[in-house]
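Tertiary structure, described
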Amino acid sequence: DAGIEISGSISMAFGSPWDREIPLQNVKEIVDAYLKVGIREISLSDASGMAYPTQVYSICADMKRSYPQVGWWLHFHNTRGLGIANILSGMAAGP
């Protein structure tokens, strides 16, 4: 332990331009891999700008319920004008 903390990021947790929506199970497999190596802070990111509010709420609520030991971060872009709405949906999914 060198005193450096590591966080993990899932860059396209909400969708990709190639695959459209990403199955939640695929996202959970990445979370499980991070947890296996001791990473407890994880960002669900929307690098492709494809997230939409109801999806964000659903995924965030499920992840918080499934992985209460994780410190979650959210990262959104305003590609389609939904950035603020996605932030508010993520916040509504729970503290």
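Before reading further, recall that the structure is shown in the block above.
The notes below deal with the structure included here. Every chain's residues receive numbers from 1 upward, in the order its sequence appears when written. Reporting in this predicted model follows two pLDDT cut-offs: at least 70 for local features of residues, and 80 or more for side-chain atom pairs to be given and counted; totals over whole chains, interfaces and linings ignore these cut-offs and use all residues. Side-chain measures were taken over the full set of non-hydrogen atoms in the model, leaving aside hydrogen atoms and water.

Glancing now at unusual backbone geometry. Even without a glycine there, the phi angle at Arg20 is positive, about 60°. With respect to the helices and strands, Arg20 occurs in the loop between β1 (8-10) and α1 (24-36). Here Arg20 falls in the exposed class, since its relative accessible area comes to 55%. Here a strand is any run of E in DSSP of at least two residues, a helix any run of H or I of at least four, and the numbering for each starts at the N terminus. Exposure classes here rest on a 1.4 Å probe applied to the protein chains alone. A residue is buried below 20% of its type maximum, exposed above 50%, and partly exposed in between.

Time to look at the side chain of Ser89. With respect to the element layout, Ser89 can be found in helix α3 (residues 83-92). With a relative accessible area of 13%, Ser89 lands in the buried category. Contacts: residue pairs with any heavy atoms within 4.5 Å of one another. In contact with Ser89, other than residues within four places in its own chain, are Pro53, Val56 and Tyr57.

Another point: the pattern of salt bridges. Salt bridge, as used here: a side-chain nitrogen of Lys or Arg that lies within 4 Å of a carboxyl oxygen of Asp or Glu. Within this structure, the stated rule accounts for two salt bridges. We note a salt bridge from Asp62 to Lys28, for which the minimum N-O separation is 2.7 Å. Remark: Lys28 occurs in helix α1 and Asp62 occurs in helix α2 (residues 53-66); sequence separation between them is 34 residues. A salt bridge links Arg65 to Asp62; the shortest N-O distance between them is 3.8 Å. On the criterion of helical spacing, the pair formed by Arg65 and Asp62 is a turn pair, its members being three residues apart in helix α2. According to the relative accessible area criterion, Arg65 is exposed, its value standing at 60%. Classification of Asp62 by relative accessible area gives buried; the value is 16%. If you follow the salt bridges from partner to partner, you end up with Lys28, Asp62 and Arg65 in one network.

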